[in-house]
Amino acid sequence: MFALVDCNNFYASCERVFDPTLNGKPVVVLSNNDGCVKARSNEAKALDIPMGAPAFQFQEIFNKHKVNIFPPIMPYTAI
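Residues numbered from 1 in each chain as written. Predicted model: local features only at pLDDT ≥ 70, side-chain atom pairs only at ≥ 80, totals over all residues. Heavy atoms only, no water.

As annotated in an unreviewed UniProt entry, the protein chain is UmuC domain-containing protein from Autumnicola musiva.

Spelled out as structure tokens, the structure:
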């Protein structure tokens, strides 16, 4: 058995596994304690949303580009 894990945007990829309609759309997953960006899809990276950025500072970009924002889901770490 083989597995491929893309750790570069792992949590964003997990969201896409459970909701394939997110493919090709910008996805951001926030940290659980401070609301900072901890995972970005390639589409979100193209919007220059930096890793670790406080989400409230990028709300205008999120709204303008319809970025899909998700809270952390801890069971993904056990996959």
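### Some points on helix H1 (residues 10-18)
In an α-helix, one turn spans 3.6 residues; hence positions three or four apart end up facing the same way. What counts is decided by this rule: Partly exposed residues are those whose accessible area sits between 20% and 50% of the maximum for their type, while under 20% is buried and over 50% is exposed, using a 1.4 Å probe and protein chains only. Put simply, DSSP marks the helices as runs of H or I at least four residues long and the strands as runs of E at least two long, and each gets a number from the N terminus on. We call two residues in contact when some of their heavy atoms are within 4.5 Å.
Taken together, the buried positions of H1 are occupied by Tyr11, Ala12, Cys14, Glu15 and Arg16. Buried residues in H1 make contact with strand S1 (27-30), strand S2 (37-40), helix H2 (42-46) and strand S3 (68-70).

### Observations regarding the pairing of S2
To keep things clear, this is the line we draw: The pairing criterion is simple: DSSP has to find at least two bridges between the two strands.
By the bridge criterion, three bridges tie S1 to S2 in an arrangement that is antiparallel. Note on S2: the bridge partner recorded for Val29 is Ala39. In textbook terms, the turn of a hairpin is the stretch between consecutive antiparallel strands, and for S1 and S2 this stretch comprises six residues, one of which, Gly35, has a positive phi near 70°.

### As for the side chain of Arg40
Note the following rule: For the purposes of these results, a polar contact is taken to be a pair of N or O atoms within 3.5 Å, where, inside protein, one atom must be able to donate a hydrogen and its partner to accept one; residues adjacent in sequence count only when each atom of the pair is a side-chain atom.
Positionally, Arg40 belongs in strand S2. Within the structure, Arg40 has its side chain in polar contact with the backbone oxygen of Ile49 (distance 2.8 Å). Residues contacting Arg40, with those up to four places away along its chain left out, are Asn9, Ala12, Val27, Lys45, Ile49, Pro50 and Met51.

### Quick notes on the sheet that holds S3
The criterion, for reference: For every element, the axis is a line fit to its C-alpha atoms; helices are fit only across the contacting stretch, and the angle between N-to-C directions ranges from 0 to 180 degrees.
Judged by pairing direction, the sheet is mixed, and its three strands sit side by side in the order S2-S1-S3 without closing on themselves. Looking at strand neighbours, the two that pair on one side only are S2 and S3, the edges of this open sheet. Neighbour to neighbour, the strand axes of the sheet diverge by 25° on average, direction disregarded. Both S1 and S3 contribute to a ladder of three bridges, which runs parallel. Along S3, the bridge assignment pairs Val28 with Ile69. This element, H1, spans S1, S2 and S3 of the sheet and lies at about 115° to S1.

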